[in-house]
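Understanding the architecture of this molecule
The lines below spell out each chain.
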Number of protein chains: 2
Amino acid sequence: MSSSSSSQTVTAGDYLLQRLAQLGVRSLYGVPGDYSLGFLSLLQSSSSPASTDESSAAAAPQIRWVGNANELNAAYCADGYSRAKKTLSAVVTTFGVGELSALNGIAGAMSERVPVVHIVGVPASSAEGNHSILHHTLGDGQFDTFEAMSARISVAHTRLRANGSMDIPAEIDRVLHQTVVQARPGYIALPTEVVHAKVSAQRLSTPIDTSQPDNDERAEAAALEEIVKRVKEAQDPIIIVDACAIRHFVLDEVRELVEKSGLAFLHTPMGKTALSEQHPQYAGVYVGSISEPEVKERVESADLLILVGSIMSDFNSGAFTYRTPQTRRIELHSGHTLISYARYDGVGMKTLLPKLSAALADDHDRRLAHTQKTLPAFANKLPSREEEGEFGGPQGDLISQAYLWPRVGLSFLRSGDYVVVETGTSSFGSVEARFPEDTTYVTQVLWGSIGWSVPCTLGVALAARELNKKHRVILFVGDGSLQLTVQEISTMIREGVCPYIFVLSNDGYEIERQIHGPDARYNNVAPWNHKAILSAFSGYDEPKTTFGADKEDAKKSHADDVPSSKTQYYGVRTKAELDALFADEEFNTPDRLRLIELFMPRGDAPRALKRQAEASAKLNAYEDD
Amino acid sequence: MSSSSSSQTVTAGDYLLQRLAQLGVRSLYGVPGDYSLGFLSLLQSSSSPASTDESSAAAAPQIRWVGNANELNAAYCADGYSRAKKTLSAVVTTFGVGELSALNGIAGAMSERVPVVHIVGVPASSAEGNHSILHHTLGDGQFDTFEAMSARISVAHTRLRANGSMDIPAEIDRVLHQTVVQARPGYIALPTEVVHAKVSAQRLSTPIDTSQPDNDERAEAAALEEIVKRVKEAQDPIIIVDACAIRHFVLDEVRELVEKSGLAFLHTPMGKTALSEQHPQYAGVYVGSISEPEVKERVESADLLILVGSIMSDFNSGAFTYRTPQTRRIELHSGHTLISYARYDGVGMKTLLPKLSAALADDHDRRLAHTQKTLPAFANKLPSREEEGEFGGPQGDLISQAYLWPRVGLSFLRSGDYVVVETGTSSFGSVEARFPEDTTYVTQVLWGSIGWSVPCTLGVALAARELNKKHRVILFVGDGSLQLTVQEISTMIREGVCPYIFVLSNDGYEIERQIHGPDARYNNVAPWNHKAILSAFSGYDEPKTTFGADKEDAKKSHADDVPSSKTQYYGVRTKAELDALFADEEFNTPDRLRLIELFMPRGDAPRALKRQAEASAKLNAYEDD
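Computed from a predicted model, the values in this text were never measured in an experiment.

Basis of the calculations
Residues numbered from 1 in each chain as written. Chains lettered and ligands numbered in written order. Predicted model: local features only at pLDDT ≥ 70, side-chain atom pairs only at ≥ 80, totals over all residues. Heavy atoms only, no water. Helix = DSSP H or I, 4+ residues; strand = E, 2+ residues; numbered from the N terminus. Rg over C-alpha atoms; globule rule 2.2 N^0.38 Å. Buried < 20%, exposed > 50% of the residue type's maximum accessible area, 1.4 Å probe, protein only. Contact = heavy atoms within 4.5 Å. Areas by Shrake-Rupley, 256 points an atom, 1.4 Å probe, with all protein chains shown as cover. Lys, Arg positive; Asp, Glu negative; His and termini not counted. Charge placed at Lys NZ, Arg CZ, Asp CG, Glu CD. Polar contact = N/O pair within 3.5 Å; in protein donor to acceptor, adjacent residues only side chain to side chain. Buried area = accessible area lost by both parts, 1.4 Å probe. Salt bridge = Lys/Arg side-chain N within 4 Å of Asp/Glu carboxyl O. Phe/Tyr/Trp six-rings, centres within 6.5 Å; stacked < 30°, edge-to-face > 60°. Pairing = 2+ DSSP bridges. Right-handed = clockwise from strand over helix to strand, strands pointing away. Axes fitted to C-alpha atoms, helices over the stretch in contact; angles between N-to-C directions. Parallel < 35°, antiparallel > 145°, perpendicular 65-115°, else oblique. Left-handed = near helix turned anticlockwise from the far one by under 90°. Nonpolar A, V, L, I, M, F, W, Y, C, P; charged D, E, K, R; others polar. Disulfide = S-S within 2.5 Å.

Of regular secondary structure, chain A possesses 24 helices and 21 strands. Computed over the C-alpha atoms, the radius of gyration of chain A is 25 Å, within 12% of the 25 Å expected from 2.2 N^0.38 for a compact globule of 625 residues. The principal-axis extents of the C-alpha atoms in chain A amount to approximately 70 × 65 × 55 Å. Taking all 625 residues of chain A together, 66% fall into the buried category. Partitioning the intrachain contacts of chain A with sequence separation of at least 6 by distance along the chain shows that 76% fall at a separation of at least 24. Carbon and sulfur atoms form 50% of the exposed surface of chain A, whose accessible area is close to 20400 Å². If you average the places of the 60 positive and of the 79 negative side-chain charges in chain A, the two averages end up 2 Å apart.

As structure tokens, then:
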């Protein structure tokens, strides 16, 4: 990236990179393609020294290219980076082939509200005018098809034009602003010749304003008055913290509400770890009728729900089984507030929450006493032999789902951990574990794309490294899900990150078996040797090529390589082996990439998944009547 | 699938399966998801015995489920199956997450004209009416977003409805008819409850008419007269056979034209192996200005080009460098004919070609003599040490691109082989090799999606097995491209197919390096141990799980497993090693899956790629001026 001051010009490509850097992006994800090579070259042709000073528009900090194994993985990785770093992330792909491969990952960010900007290198505008039949097109001379597809899964999109018809910096800012403020994907098509078009650098001296719009004062006052009235009238209000509290950065405000009000709070699956699960007012994870019985009873006995950042999706709500009627719910959202059936537009939670906390502080002690008296046990409790049933095995030594999750909560998780869980037995099981303080739980409950968690873990690990945190990054994924995106483990190794990858090995897609087809061929997967996976992705076992690798081009291309990760495989078959591993301090030190294969009984599932599966089967009528 | 006669009803799911079977589908590709499980269950709940009799609508032949490692791979696999089997193929995915992952593969079929029907299991229509926030949605209560995206890359799409508003059999037939006749993707959204909806079986007794529409007789007569006149007036006409001659099944007609007219013919890269490359009138592969010099001269000296099924894309035409003006071209297409600038709509090549052949037969001997006299040498010629240059290595023993391709043509390829090549050094290099008779060359020149070739090879191998051919399936892929879709090797092993996988190992994306950035980090890939890849995907190295695998459910699910492939790895570093391997009869017997890693110099590329890269760099203006 070249330097610039506000009176100068800068290339459009550099402008975009500097804006990304200002918004917190330090790693770019993707796969190179011939229409994006020019843009990628800017990353290493920087004429100014690397800098991490974000206050100056004149010197953009260095952004690192992280090449992924494929584009879908890149999008998933960016998603994870964004979630862990709490900033924008960016994926760079090439026209047609590359961008379409990424769409499922981008749609996931749309669904789950993650700000990912998708930058697509597209053919020069001259080709568009000529309707040339270029490679990576449908052969119809059209160049807007793919942008139209992405428009359906993004909040802002553009194709940049350097023909004088467009204020390129303003257009870039528009898309990035919407992406960040709405916490959803944006799309920028970057024609090859636009990369080097000169644009004014003036806007760079003013950061993009990413604050939420101010609330409508009078509407806010009316909503606040009504909420306070209802809370004070209620005998037993309770707070449920959900995903959008995380996405829209109101966690400090929610914690203040909890602590000033003295009310008990819960997480949903998508809101898990929004606040500390060790907090004395924490009452567990609420998932409607599939919640732990004590948790379910506690919520259903409340006469008012304060829902913060709620996403009422099937898997996040126990298949829509909240029992509390809408008349006894208050919903705080990023841009509006809902009290019973009354909607207050323009009243967002960011500024409303502190006012609500202040208004509820006067009765703190009474409420806290009630909270303490009625707090359900939500503990990591190992099952009895009886509770575990057949899946503990004839000798009771096998690792059942009922055993695994409390054991992980009790003996493995530590403060600082990032925990990524795949949709499946991992996501349903892990919500049942109580997490230590200051942990970050990353899951994709709404979109639920199989395979997402593996590249997501790479993004989380890179974000954690950039944040310079003492951290461990831990993934739980099934043997079926792993297969979709497994090659991203090689990027982890190349980038030198050291996550724990727990593979729940049970011969297939167990979540699907629970829903339909326990005896079906289609729920099996190809058998893999997971130990050899690490060997395969750990580089050459002998000198690879004898010609060309010692030349200047080759050496330069590898100059910024980081030391790759060491790896270690563990095959774990019994409770005793698992417990011993968790007790081993060497194992607990994240100094290598570890793949821990947990051999688990086929047919076993966490209790919550079994209940969810019954509900899904009913909705979907799998059987012929 | 349950049996039915024309007076009976059948479920919509069975109707669809029986239509697929009638159109030649014997394998279904995809990944299961909860919205598609009901449909997939039909595959194994058949109440009628398996049958391969396609003449009876009452007994649909058995269709085999082939679960892929991910959905993009499934779409690529279906593409390969369709190309090799010359029939429809089908991919089954689940709503949102699954279908979007497949889009790049479907778009490739759109671009390259391959009939793939994408069947998507979607939520029950009741959920649509309720605007429920289901998993795998964007959380907006909308259910038509993904169909709208797929509509951009398919020739027909539908969402089936069982509420009485739709004639489901007619609607299924409409989509399948368009898919096959236009040789491009179709899209069918199948709500869970529609799978079991009863529909009339009546239409099943009449196969879907997949013939091309009849030509307009008078327009055809006029076009024929004009073509014959021009051919007879020309001194030196020549025929160029391109992709759509393959896709629209006119190869017998084209061969007849060649043989009755006595004219010389060429292939384009996309048309390669349309006719036999051992034919005495075969003049080589024409790629505009990047053709072999003798071939280029031969075409450019012709005064009339007869282009059959032409796709004039950049990579198929040497960056649009045909020198013959449009006034001296005749283009025969599936639905129209172009003579100079005059377009004859409704005149397709299928029925025009035989008439043209008949009209040109009278002067066969004179033309054949001219063809023989002017035929360029298009031979598999090994390079001299001088021609090979530095990439032969200091000792001249390394495997250069200049050496590899003629060596493959001379010593390895055999009649019956299917050869799949990845876009990159493989596609550009392989066009320079002359192939034996009765070989099938499979490439993706127009769409050019990196990673396509690996799953495509699986589809080709399964098609070849169904066709019961004595065959070998051979893949050439780079070490960079392999990484995107590598896990499909595990499906090959599970399905027991035995392709040859040649991995051109040169430390990265060589085609990108040739275009831009020979010293760029972004053109490197993570180093892999390709030997361990085979171990990783070859199943468990020890008994895997001790509980659950012996139960009835588990045993039933594995009852139809086929014996998995043996595998073997070869690391090949020198010309001598390569030559010895090709000479080894054991190696030439396709009795196991072989991965042959060819260690090749970094920076080397086939001659045609070097020229194409120069043209691409010029179009795309990578450098700042």
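We now examine the environment of R592 of chain B. All names here are of chain B. By the element assignment, R592 lies in the loop between α23 (575-583) and β21 (593-599). Taking the relative accessible area as the measure of exposure, R592 reaches 17% and is therefore buried. When neighbours within four sequence positions are excluded, R592 is seen to be in contact with C498, P499, K566, T567, Q568 and E586. A distance of 3.1 Å separates the side chain of R592 from the side chain of D591, its partner in a polar contact.

As for its position among the elements, S126 of chain B is in helix α5 (residues 125-130). In this structure the C-alpha to C-alpha distance between S126 of chain B and E193 of chain B, which are 67 residues apart in sequence, comes to 9.1 Å.

With 128 residues of chain B in contact, the opposing surface of chain A contributes 128 residues. Between chain B and chain A lies a buried interface of about 10700 Å² when both sides are counted; carbon and sulfur atoms form 55% of it. Run the count over chain B and chain A and you get six salt bridges. The salt bridge involving K556 of chain A is made with D519 of chain B; its shortest N-O contact spans 2.9 Å. Inspection of the chain B/chain A interface yields 53 residue pairs in polar contact (both at pLDDT 80 or more).

With the rule as written, the count across this model stands at 42 aromatic pairs over all chains. Judged by centre distance (4.8 Å) and plane angle (50°), the rings of W528 of chain A and F537 of chain B are tilted. With W528 of chain A in the loop between α20 (510-515) and α21 (530-536) and F537 of chain B in the loop between α21 (530-536) and α22 (552-557), this pair bridges two chains. Residue classification places W528 of chain A among the buried residues on the basis of a relative accessible area of 2%. According to the relative accessible area criterion, F537 of chain B is buried, its value standing at 1%. Grouping aromatic residues by their ring pairs yields a cluster made of W405, F412, F476, Y500, F502, Y570, F582 and F587 of chain A.

It is worth spelling out the pairing of strand β5 (residues 116-122) of chain A at this point. All names here are of chain A. For β5, the buried fraction is high: seven of the seven residues fall into the buried class. Taking every second residue as pointing to the same face, both faces of β5 are buried, with V116, H118, V120 and V122 on one and V117, I119 and G121 on the other. In the sheet, strand β4 (residues 89-94) pairs with β5 via six bridges, with the strands oriented parallel. Across the sheet, T93 pairs through a bridge with V120, a residue of β5. The parallel pair β4 and β5 is bridged by helix α4 (residues 97-112), and the resulting crossover is right-handed.

Next up on the list: the sheet that holds strand β20 (residues 567-572) of chain A. Residue and element names in this part refer to chain A. Pairing is parallel in the open sheet, where six strands are placed in the order β17-β16-β18-β19-β21-β20. Either end of the sheet is taken by a strand with one partner, and the two such strands are β17 (440-442) and β20. Averaged over neighbouring strand pairs, the angle between their axes works out to 15° when direction is ignored. Pairing geometry for strand β16 (residues 418-421) and β17, over three bridges, is parallel. The partner of V419 across the bridge, within β17, is Y441. Sitting on the sheet, helix α17 (residues 453-466) is in contact with β16, β17 and β18 (473-478), with an inclination near 180° to β18.

What follows covers the packing of helix α3 (residues 71-85) of chain A against α4 of chain A. Packed helices, taken two at a time, are described by the angle between their axes plus the distance between the axes. All names here are of chain A. Their axes nearest at 6 Å, the elements α3 and α4 cross at an angle of 30°. Relative to α4, the element α3 lies roughly parallel. Here α3 runs over α4; the crossing is right-handed. In this structure, α3 contributes E71, L72, A75, Y76, D79 and R83 to the contact, and α4 contributes G98, S101, A102, N104, G105, I106, G108, A109 and E112. Each residue belonging to the contact of α3 with α4 can be placed in one class, and the counts come to six nonpolar, five polar and four charged.

With that settled, the discussion passes to the environment of G309 of chain B. Here G309 of chain B shows up in the loop between β12 (304-308) and β13 (329-332). On a C-alpha basis, the gap between G309 of chain B and N130 of chain B in space is 49 Å, while along the polypeptide they are 179 residues apart.

It is worth spelling out the state of the cysteines at this point. Residues and elements named next belong to chain A. Summed over the entire model, instances satisfying the criterion amount to zero disulfides over all chains. Sulfur of C456: no disulfide; nearest cysteine sulfur belongs to C77 and is 8.3 Å away. Relative accessible area serves as the criterion here: at 0%, C456 is assigned to the buried category.

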